[in-house]
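Here is what each chain is made of, one letter per residue.
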Amino acid sequence: VVYTGSVVPVNEEDIYPRVTGRIVDMLVYPGDAVRPGQVLARLDSVELSSRVRESEAALAAARATRVQVEKELAMTEAEAGYARGVAVRTERLFNTGAVSKQEDESDRALAATAEAKLEAARAKLHAADAMLAQGEAASRTATIVRNYSDIVSSTSGYVVKRLVAPGVLVQPGTVILKVAQIDKVRLQANVGEKDLGSIRIGSPVQVTTAAGDQPPLVATVTAMFPFVEQGPRTAVIEALVDNAGRRLLPGQYVTMQFATGRRDQALI
């Protein structure tokens, strides 16, 4: 059975920005080959760079605060250690009757006050550590967001459509480019339900194009969509083929001849 099919990319990706900005440069054009990580377009990054500088300044302030709190903690630890030593010595003298009970209690109260100051200093250091961690996270986030001004490709393929021009203000999710992978392509035909029962996964398919100087392409059925369209009563049959030489182009029509059976001993 023979049906008209079409060529579909094995994968097609929409390229869009992740932040709001004005496009200042479009570096590719339809037909250009792209690779993963390649910069395809750039947004105005003045505002995002300013946020990075603000976050870096806040991070520097948080680091300075932590250093100061760390010094205060060291001084408080020394004071608390001295107060504990004095309280221990006074208690020993009190037990021998060398000092009064009032002096013993006073030194113990001073030691307790020093311990309380030490705990407060440690809590202050924990708070400074939290502020520093928050500042580092904010700085990393601002840098990541600033880098979003470079719109990059996550896959290899070819640019098939450019949807906006430089100078346009775009929002996150606005599609600006379409990139298709065509090293492999899907040949898809809408096959009538009366012929679906005679076609299986692995059935041979002979594919011809409008170019008469090219020999037929031999492929096999690789997928059968598991539903029939209500209107035309057809289902999509697909053959995945290599297309390294770009013989087949997305959108191109092809003729697909499906083998529905075989007889080795047949009169022809």
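Residues numbered from 1 in each chain as written. Predicted model: local features only at pLDDT ≥ 70, side-chain atom pairs only at ≥ 80, totals over all residues. Heavy atoms only, no water.

A. Local environment of the pattern of salt bridges. The tally for this structure, following the rule as stated, stands at eleven salt bridges. A salt bridge links Asp 150 to Arg 42, with the shortest nitrogen-to-oxygen separation between them at 3.3 Å. Taken together, the residues Asp 150 in strand 5 (residues 150-152) and Arg 42 in strand 4 (residues 39-43) connect sequence positions 108 residues apart. Under the relative-accessibility criterion, Asp 150 is labelled partly exposed at 33%. Put simply, Arg 51 and Glu 47 hold a salt bridge, and the shortest N to O gap is 2.8 Å. Here Arg 51 and its partner Glu 47 are both found in helix 1 (residues 46-95), four residues apart, which amounts to about one turn of the helix. For Arg 51, a relative accessible area of 44% corresponds to the partly exposed category. (Salt bridge = Lys/Arg side-chain N within 4 Å of Asp/Glu carboxyl O. Helix = DSSP H or I, 4+ residues; strand = E, 2+ residues; numbered from the N terminus. Buried < 20%, exposed > 50% of the residue type's maximum accessible area, 1.4 Å probe, protein only.)

B. Spotlight on the packing of helix 1 against helix 2 (residues 101-147). Two elements in contact, helix 1 and helix 2, have axes whose closest approach is 7 Å; the angle formed by their N-to-C orientations is 165°. Looking at the two axes, helix 1 sits roughly antiparallel to helix 2. Judged by the sense of rotation from one axis to the other, the crossing of helix 1 with helix 2 is left-handed. Of the residues belonging to the contact of helix 1 with helix 2, the class tally is 23 nonpolar, seven polar and 22 charged. (Axes fitted to C-alpha atoms, helices over the stretch in contact; angles between N-to-C directions. Parallel < 35°, antiparallel > 145°, perpendicular 65-115°, else oblique. Left-handed = near helix turned anticlockwise from the far one by under 90°. Nonpolar A, V, L, I, M, F, W, Y, C, P; charged D, E, K, R; others polar.)

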